[in-house]
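Summary of structural features
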Amino acid sequence: MLNPIDTTKVIRDGGMTGAFPGDVHEAAAWWLGACFVATQTAPRIIVAHNGHPAIGEFADRLCRGAINSHHHRCHVRHSATAAWTGS
């Protein structure tokens, strides 16, 4: 990862938390997706989000990481759950 994150601050409680931009960036989502599939040997995952453009980019990268995870052949479904209203 070219832009390292403070893993002790960001990776906790079974997930990734933090402010964007600042604590986390989109590349961390790819890593999280790849690690999740590899450690859980997940045969399929569904990724949903609220439709916000920044969250959509995180979701896309998480899906790409899951798909590319150690050839586990994970089937990934990605769907925005609601349209972003900007509020």
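Here is what the cut-offs are and how they apply
- Residues numbered from 1 in each chain as written.
- Predicted model: local features only at pLDDT ≥ 70, side-chain atom pairs only at ≥ 80, totals over all residues.
- Heavy atoms only, no water.
- Helix = DSSP H or I, 4+ residues; strand = E, 2+ residues; numbered from the N terminus.
- Contact = heavy atoms within 4.5 Å.
- Areas by Shrake-Rupley, 256 points an atom, 1.4 Å probe, with all protein chains shown as cover.
- Core = buried A, V, L, I, M, F, W, Y, C linked by side-chain atoms within 4.5 Å.
- Buried < 20%, exposed > 50% of the residue type's maximum accessible area, 1.4 Å probe, protein only.
- Salt bridge = Lys/Arg side-chain N within 4 Å of Asp/Glu carboxyl O.
- pLDDT = per-residue confidence, 0-100.

Before going further, it helps to examine the overall build of the protein. Counting its secondary structure elements, the protein contains three helices and four strands. In sequence order, the secondary structure elements of the protein are arranged as α-β-β-α-β-α-β. A fraction of 62% describes how many contacts in the protein between residues 6 or more apart in sequence connect residues 24 or more apart. When the accessible surface of the protein is summed, it comes to about 5,900 Å², and 55% of that surface belongs to carbon and sulfur atoms.

Our next topic: the nonpolar core. The tendency in soluble globular proteins is for nonpolar side chains to be buried as a group. Grouped together as the largest cluster of nonpolar side chains are 15 residues, with contacts concentrated most on I45, V47 and L62. Contributions of two or more residues to this core are made by α2 (26–40), β3 (44–49) and α3 (53–67).

With that out of the way, let us pick up the pattern of salt bridges. Taken as a whole and assessed by the stated rule, the structure comprises two salt bridges. Where R61 meets E57, a salt bridge forms, and the shortest distance between an N and an O atom there is 2.8 Å. Taken together, the residues span about one helical turn, with R61 and E57 both in helix α3 at a distance of four residues. Residue E57 is classed as partly exposed on the basis of its relative accessible area, which comes to 26%. For E57, the salt bridge is made with R64, and the minimal N-O distance between the two is 3.8 Å.

Before going further, it helps to spend a moment on the confidence of the model for the protein. Taken residue by residue, the protein gives an average pLDDT of 77. The fraction at 70 or more is 84%. A low-confidence stretch, residues 82–87 stays under pLDDT 50, and its non-local contacts, those more than four residues away or across chains, total eight contacts.

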